[in-house]
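# Summary of the model geometry
Take a look at the letters that make up each chain.
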Amino acid sequence: MPTKTNWKLVAELQQNTAHVNCEEHFHLSEEAKSKIAQLRKTRHSAYNINYHLVWIPKTRMKILVKPFSAVVEETIYRVCEFKKWTPLALQIMPDHVHFFISAPPKWAPAQIVQCLKAWTSKDLREKFATIRQTRPETEDFWASSYYYGTAGHVSAETVARYIRENSMRF
């Protein structure tokens, strides 16, 4: 089934990403690692809930470069401030977004991703006619899928050591 994507326009926009390695993995800074370990509080709870979220543009368009990436970044931080979520780390690649975030227990990961994708899509479409033209017959900029994983302050080395040391007991 053919998509409603304007591939000619997408190809033109993707020319700006020829020098970018989209296979690059997200690396958490030391500052972000310390933020992940922090205990946060609301009026009725204390929590350490951190999510690693990843989402992609529809049809994996590689167009999240300047000026589009700047709008996505600004919008994500604005939404976090409005919703009282704590952004921990953000990396916008041409074809996907990595975002570490901490949110109170009342927020499900699906709600967080849905909100971030909706606001960023709306802002991109309002500010750039080019984005509207990539998929002119539809309002969806982001793919409907997403990834989320929980992110704690336990390192991969600690987990590996735990598995190694405890596998002998079973």
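Description of the structure in this document. (Residues numbered from 1 in each chain as written. Predicted model: local features only at pLDDT ≥ 70, side-chain atom pairs only at ≥ 80, totals over all residues. Heavy atoms only, no water.)

Before going further, it helps to examine the pattern of salt bridges. Per the stated rule, a full pass over the model turns up three salt bridges. Arg78 serves as the salt-bridge partner of Glu74, at 3.1 Å between the closest nitrogen and oxygen. One end of the pair is Glu74 and the other is Arg78, both in helix H3 (residues 68-83) and four residues apart, which spans about a single turn. Residue classification places Glu74 among the partly exposed positions, given a relative accessible area of 37%. A relative accessible area of 33% means that Arg78 is categorised as partly exposed. For Asp123, the salt bridge goes to Arg78, with nearest N and O atoms at 2.2 Å. With a gap of 45 residues between them, Asp123 in helix H4 (residues 109-127) and Arg78 in helix H3 connect regions that are remote in the sequence. (Salt bridge = Lys/Arg side-chain N within 4 Å of Asp/Glu carboxyl O. Helix = DSSP H or I, 4+ residues; strand = E, 2+ residues; numbered from the N terminus. Buried < 20%, exposed > 50% of the residue type's maximum accessible area, 1.4 Å probe, protein only.)

On to the nonpolar core, then. Residues Leu53, Ile76, Trp85, Val97, Phe99, Ile112 and Leu116 are the most contacted members of the largest nonpolar core, which totals 29 residues. The leading source of residues in this core is H3, at six residues. Excluding its chain neighbours within four sequence positions, the residues that come into contact with Val97 are Leu53, Val54, Trp55, Leu64, Val72, Ile76, Leu90, Gln91, Ile92 and Trp142. Ranked by size, the runner-up nonpolar core spans six residues in total, among them Ala32, Leu88, Phe100 and Ala151. (Core = buried A, V, L, I, M, F, W, Y, C linked by side-chain atoms within 4.5 Å. Contact = heavy atoms within 4.5 Å.)

Let us look at H3. End to end, H3 covers 23 Å across 16 residues, agreeing with the expected 22 Å (1.5 Å per residue, within 8%). For H3, the full list of buried residues reads Phe68, Ser69, Val71, Val72, Thr75, Ile76, Val79 and Cys80. Looking down the long axis of H3, one finds its buried residues gathered within 165 degrees of arc, a one-sided arrangement. Looking one or two residues past H3, Lys84 carries a phi angle of roughly 65 degrees, positive in sign. (Expected span 1.5 Å × (residues − 1). Arc of directions from axis to C-beta.)

Geometry only, nothing functional implied.
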